[in-house]
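Chain by chain, the residues run as shown.
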Amino acid sequence: MPSSFPAPPPPSSRAFTAFPNALPSRDAVVGALRAAGCVFAEDEAALILDAARTAAELTALVERRVSGLPLELVVGWAEFRGLRIAVAPGVFVPRRRTEFLVSEALAHAPHADVVVDLCCGSGAVGAALAAALDRPEVHAADVDPAAVACARGNLADAGGRVYTGDLFDALPDALRGRVDILAANVPYVPTGEVALLPAEAREHEPLVALDGGGDGLDVLRRVAAAAPDWLAPGGCLLVETSERQAADAVDTVARAGLTPRLAVCEDLYAHVVTGVRN
């Protein structure tokens, strides 16, 4: 599950010389990033230059990127559906393909009043839904306290409430039967394949946000089984999955008593399963 920008090569293959005290030119920053193997050096340089206020700070930011830190963690935010979502070390970085999940949610429930962002990570999905809908009631939950702290900041302007806990155990009972959009960006990487993920994910994101169990669908099964109790009539559960897992994910949602639908976005290589409570 790569982030927006590929990682540079391993540290042993890089050399980096700190910039002098004077703020260096854009070309100097691009050159340093390109020498480190950054594929999108020009784009990354623009973002890093915008984030730095002094030559010393710029040097530090470039050194962090050259060392392999994901760009989003270097600059402190990730773009998601036109929003700047704050991210922090140890928190899952939102992927651009997950924007498709938000689009599918809005297509099904354009007038949703109650939104839940489960396995929320940074809260990017909840923030994007809040921005697109007309003042919805937004709730989010994650088992990781670092993610909860990050999501609280990103959902503050929307008045979002963020809870710490394991899936639905974190949510207030008052939400049962009221949720119009239940977005659950569950981990879906099979345990045996986590080691094959890019270093940016393996080394800088929590395992709980990546590892979906033996076949990658363990968390999805738990979410789908409980979802009907929380959804309002006509409400929808939305989960992201892989192409290989899509058929099993559809079957899992159907077995939970929801009407499933698989949507695919070729441009983002995104696969989203929606389950509707009739």
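Residues numbered from 1 in each chain as written. Predicted model: local features only at pLDDT ≥ 70, side-chain atom pairs only at ≥ 80, totals over all residues. Heavy atoms only, no water.

J.: Account for the sheet that holds strand β7 (residues 231-241), naming residues and giving values.
T.: Note: strands within a sheet are paired through backbone hydrogen bonds, in either parallel or antiparallel orientation. Strand order in the open sheet formed by seven strands is β5-β4-β3-β6-β7-β9-β8, and the pairing between neighbours is mixed. Pairing within the sheet leaves two strands with one partner each, and these edge strands are β5 (161-164) and β8 (259-265). The average angle at which neighbouring strand axes cross in this sheet is 20°, direction not considered. Pairing analysis gives five bridges linking strand β3 (residues 114-118) to strand β4 (residues 137-142), with the strands arranged parallel. Within β4, the position partnered with Leu118 by the bridge is Ala141. Contacts between helix α5 (residues 99-108) and the sheet are confined to β6 (179-184), β7, β8 and β9 (270-276), with β7 contributing the most and set at about 160° to the helix. Lying over the sheet, helix α7 (residues 145-155) contacts β4 and β5, oriented at roughly 180° with respect to β5. (Pairing = 2+ DSSP bridges. Helix = DSSP H or I, 4+ residues; strand = E, 2+ residues; numbered from the N terminus. Axes fitted to C-alpha atoms, helices over the stretch in contact; angles between N-to-C directions. Contact = heavy atoms within 4.5 Å.)

J.: Quick one: what's the story with the state of the cysteines, residue by residue and with numbers?
T.: Tallied over the entire structure, the rule returns zero disulfides. Here Cys119 is not cross-linked by a disulfide; its sulfur's nearest cysteine counterpart is in Cys120, at 8.2 Å. Judged by relative accessible area, which is 7%, Cys120 ranks as buried. (Disulfide = S-S within 2.5 Å. Buried < 20%, exposed > 50% of the residue type's maximum accessible area, 1.4 Å probe, protein only.)

J.: An account of helix α1 (residues 26-35) is needed here, citing residue identities and associated values.
T.: When α1 is considered as a whole, its buried residues turn out to be Val29, Val30, Ala32 and Leu33. Take α1 and look down its axis: the buried residues cluster within an arc of 160°, on one side only. Along α1, exposed side chains directed more than 90 degrees from the buried face belong to Asp27 and Ala35. In the core, the buried residues of α1 are packed alongside α2 (41-51) and α3 (55-66). Downstream of α1 by a residue or two, Gly37 has a phi angle that is positive, lying close to 95°. (Arc of directions from axis to C-beta.)

J.: Can you break down the packing of aromatic side chains residue by residue, with the values?
T.: On inspection of all chains with the given rule, the structure shows one aromatic pair. Seen from their ring centres, Phe168 and Trp230 are 5.4 Å apart, and the 20° between their planes marks the pair as stacked. Placement of the pair is Phe168 in the loop between β5 and β6 and Trp230 in helix α9 (residues 218-230), with a sequence separation of 62 residues. Across the pair, exposure class does not vary: Phe168 and Trp230 are buried alike. When the ring centre of Trp77 is taken as origin, the NZ or CZ atom of Arg84, which lies over that ring, is 3.9 Å away. (Phe/Tyr/Trp six-rings, centres within 6.5 Å; stacked < 30°, edge-to-face > 60°. Lys NZ or Arg CZ within 6 Å of the ring centre and 35° of its normal.)

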